[in-house]
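# Per-entry structural report
If you want the building blocks of each chain, they are given just below.
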Amino acid sequence: MGSETTEEGDKQRIPLLTPYKMGNFRLSHRIVLAPLTRQRSYNNVPQPHAILYYSQRATKGGFLLAEATGVSDTAQGYANTPGIWTKEQTDAWKPIVEAVHAKGAVFFCQIWHVGRVSNTGFQPNGQSPISSTSKELTPQLRANGVDMARFSPPRRLRTDEIPKIVNDFRIAARNAIEAGFDGVEIHGAHGYLLEQFFKDQANDRTDQYGGSLENRCRFGLEVVEAVSDEIGAGRVGIRLSPFANYMQSGDSNPEALGLYLTEALNKYGILYCHMVEPRMISVGVKSECSESLAPMRKSFKGTFIVAGGYDREDGNKAVAENRADLVAYGRHFLANPDLPKRFELDAPLNKYERETFYTPDPVIGYTDYPFLEETDGYRREVE
Ligand SMILES: Cc1cc2nc3c(=O)[nH]c(=O)nc-3n(C[C@H](O)[C@H](O)[C@H](O)COP(=O)(O)O)c2cc1C
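Residues numbered from 1 in each chain as written. Predicted model: local features only at pLDDT ≥ 70, side-chain atom pairs only at ≥ 80, totals over all residues. Heavy atoms only, no water.

## As for the overall build of the chain
When its secondary structure is counted, the chain shows 11 helices and 16 strands. Relative to the compact-globule value of 21 Å for 383 residues, the chain shows a C-alpha radius of gyration of 20 Å, a close match. Considered along the principal axes of its C-alpha atoms, the chain spans approximately 65 × 40 × 40 Å. A buried classification covers 59% of the 383 residues belonging to the chain. (Helix = DSSP H or I, 4+ residues; strand = E, 2+ residues; numbered from the N terminus. Rg over C-alpha atoms; globule rule 2.2 N^0.38 Å. Buried < 20%, exposed > 50% of the residue type's maximum accessible area, 1.4 Å probe, protein only.)

## Some thoughts on helix α3 (residues 87–102)
Between the first and last C-alpha of α3 there are 23 Å, a value that for 16 residues agrees with the 22 Å anticipated at 1.5 Å per step. Along α3, the sharpest change in direction is near 25° and occurs at Lys94; proline Pro95 comes one to four residues later. Of all the positions in α3, only Gln89, Thr90, Ala92, Trp93, Ile96, Val97, Ala99 and Val100 are classed as buried. Among the structural elements, α2 (49–56), β4 (63–70), β5 (106–112) and α4 (162–179) are those in contact with the buried residues of α3. Once α3 finishes, Gly104 follows within two positions and takes phi at roughly 90°, a positive value. (Expected span 1.5 Å × (residues − 1). Bend = angle between axes of the 7 residues up to and from the residue. Contact = heavy atoms within 4.5 Å.)

## Quick notes on the site of the ligand
Taken together, 18 residues lie near the ligand, and Thr37, Arg239, Gly309, Gly330 and Arg331 sit nearest. With respect to the ligand, the backbone of Pro35 contributes an N or O atom lying 2.8 Å from an oxygen atom. Considering the ligand on its own, with 610 Å² of exposed area, one finds that the protein chains cover 96% of that surface. Looking at the shell around the ligand residue by residue, the classes come out as nine nonpolar, seven polar and two charged. (Near = heavy atom within 4 Å. Polar contact = N/O pair within 3.5 Å; in protein donor to acceptor, adjacent residues only side chain to side chain. Areas by Shrake-Rupley, 256 points an atom, 1.4 Å probe, with all protein chains shown as cover. Nonpolar A, V, L, I, M, F, W, Y, C, P; charged D, E, K, R; others polar.)

## Things to note about unusual backbone geometry
Of note, the phi angle at Asn80 is positive, near 60°, even though the residue is not glycine. Following the sequence through the fold, Asn80 ends up in the loop between β4 and α3. In this structure Asn80 comes out as partly exposed when scored by relative accessible area, which is 22%. Positive phi is not limited to glycine here, since Met247 has a value of about 55°.

## Thoughts on the pairing of β5
Working note: regular strand, side chains alternate between the two faces of the sheet. Here β5 lies mainly inside the structure; seven of its seven residues are buried. Residues of β5 alternate between two faces, with Val106, Phe108, Gln110 and Trp112 on one and Phe107, Cys109 and Ile111 on the opposite face, all of them buried. Two elements, β4 and β5, share six bridges in a ladder whose sense is parallel. Within the sheet, the bridge partner assigned to Phe63 lies in β5 and is Val106. Viewed along the sheet, the connection from β4 through α3 into β5 turns out right-handed. (Pairing = 2+ DSSP bridges. Right-handed = clockwise from strand over helix to strand, strands pointing away.)

## Some details on the packing of α3 against α4
Between α3 and α4, the shortest axis-to-axis distance is 8 Å and the interhelical angle comes to 45°. Classified by the interaxial angle, the pair formed by α3 and α4 is oblique. Crossing of α3 against α4: the hand is right-handed. Contacts between α3 and α4 pair Thr90, Trp93, Lys94 and Val97 from the former with Asn175, Glu178 and Ala179 from the latter. Taken together, the residues of the contact of α3 with α4 sort by class into three nonpolar, two polar and two charged. (Axes fitted to C-alpha atoms, helices over the stretch in contact; angles between N-to-C directions. Parallel < 35°, antiparallel > 145°, perpendicular 65-115°, else oblique. Left-handed = near helix turned anticlockwise from the far one by under 90°.)

## Here we look at empty space enclosed by the protein
Where empty space is left can be seen by rolling a probe of water-molecule size over the atoms. All chains considered together, the criterion is met by two cavities of 30 Å³ or more. By volume, the largest cavity amounts to about 40 Å³. Contributing to the lining of the largest cavity are Arg38, Arg40, Ser41, Pro46, Ala50, Glu67, Trp93 and Tyr366. Considered class by class, the residues forming the lining of the largest cavity number four nonpolar, one polar and three charged. Roughly 30 Å³ of volume is contained in the second largest cavity. (1 Å grid on protein atoms, 1.4 Å probe; cavity = no way out; pocket = protein on both sides within 12 Å on 5 of 7 lines; lining within 4 Å. Points joined across faces, edges and corners; volume = space filled by probe spheres on them.)

## Let's talk about the side chain of Ser241
When you line up the elements, Ser241 lands in the loop between β11 (236–240) and α7 (254–268). Here Ser241 falls in the buried class, since its relative accessible area comes to 1%. Ignoring sequence-local partners within four residues, the contact set of Ser241 consists of Gly188, Ala189, His190, Glu195, Lys199 and Val276.

Geometric values such as these leave the question of function open.
Listed below in structure tokens is the structure:
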């Protein structure tokens, strides 16, 4: 047991490579694939090339999050992102989930509604995107740092329409289980619909879904409750980014918001809370900052996952210091299908290529990042 000379002994000295029991799921390590939109699901239908992409990143006892996946025909705001509201989409996920399970990994689907981060071109019958508000977004630089995204003025949801959107999340969760996923992650981060309700910069409602913290969190918590009722709280996680200010969704008191949410989530007993570090000033830009997720980590009773700007060293530190149970890796995992292996061996990493993050090619920048054993003579190093 744990003798210094065995491989197991070596792993035990790497906190990220220690096992962890997340509810009913036995994970063999703590390196999570972060949800990563790749825009290769033509016409919102997951494609066969995703089988290879996800199974390349799957390990026995690993935990993978699928890319943000639309819950309805009003949920989209980007080309070629997958959905899970139709039978065709649900069926198309099945072989992808099967391949991940064949490798022994746990796989959750991130369920998503963009709200006002959309334009009429993505909406059924060219209608306006829906939101908590009718405040329009100004054009924004996309996360690839090159393209500008244009948005149409949103239509503020009437109070009596909100239960229908909550129900869309419920059905999407049911479909995810039908597709074979082990659970769902509710996308409550990055300026999308849930955050448009959570954050006081975006929510200017005067009904029971706006104003006080309790009112602003009501919609998101109704989604959590509906999804938990549908598939069981032990299969439900949520991603939150209280400190972020993407898509003009900042909050005047992010710590109070984060704490209110973690405390409320405890009542539903969901499996995990996945929080984006305050240092992420945009989806792909890290900065120094003095704020921390410690109060939320302390208050949340389930599994706590952190994400945002982690490398091998500070991921290990976060686990060793008990600041997180699991660490999600985005760009490094995108570029290194065998990231857990590389962390185990402290091997060099492939460099990620931003230009191909969101291009529709089924291979390039998607499934062609080399594994360690293929990198002999390969000269990509980390940025
Ligand atoms: C190409 C790309 C796509 C992303 N797509 C999503 C997404 O679908 N859902 C989400 O919650 N976050 C998304 N993010 C954010 C990542 O999950 C992660 O939080 C971010 O990249 C910071 O982590 P990192 O420093 O390990 O890359 C995306 C980021 C990138 C670079």
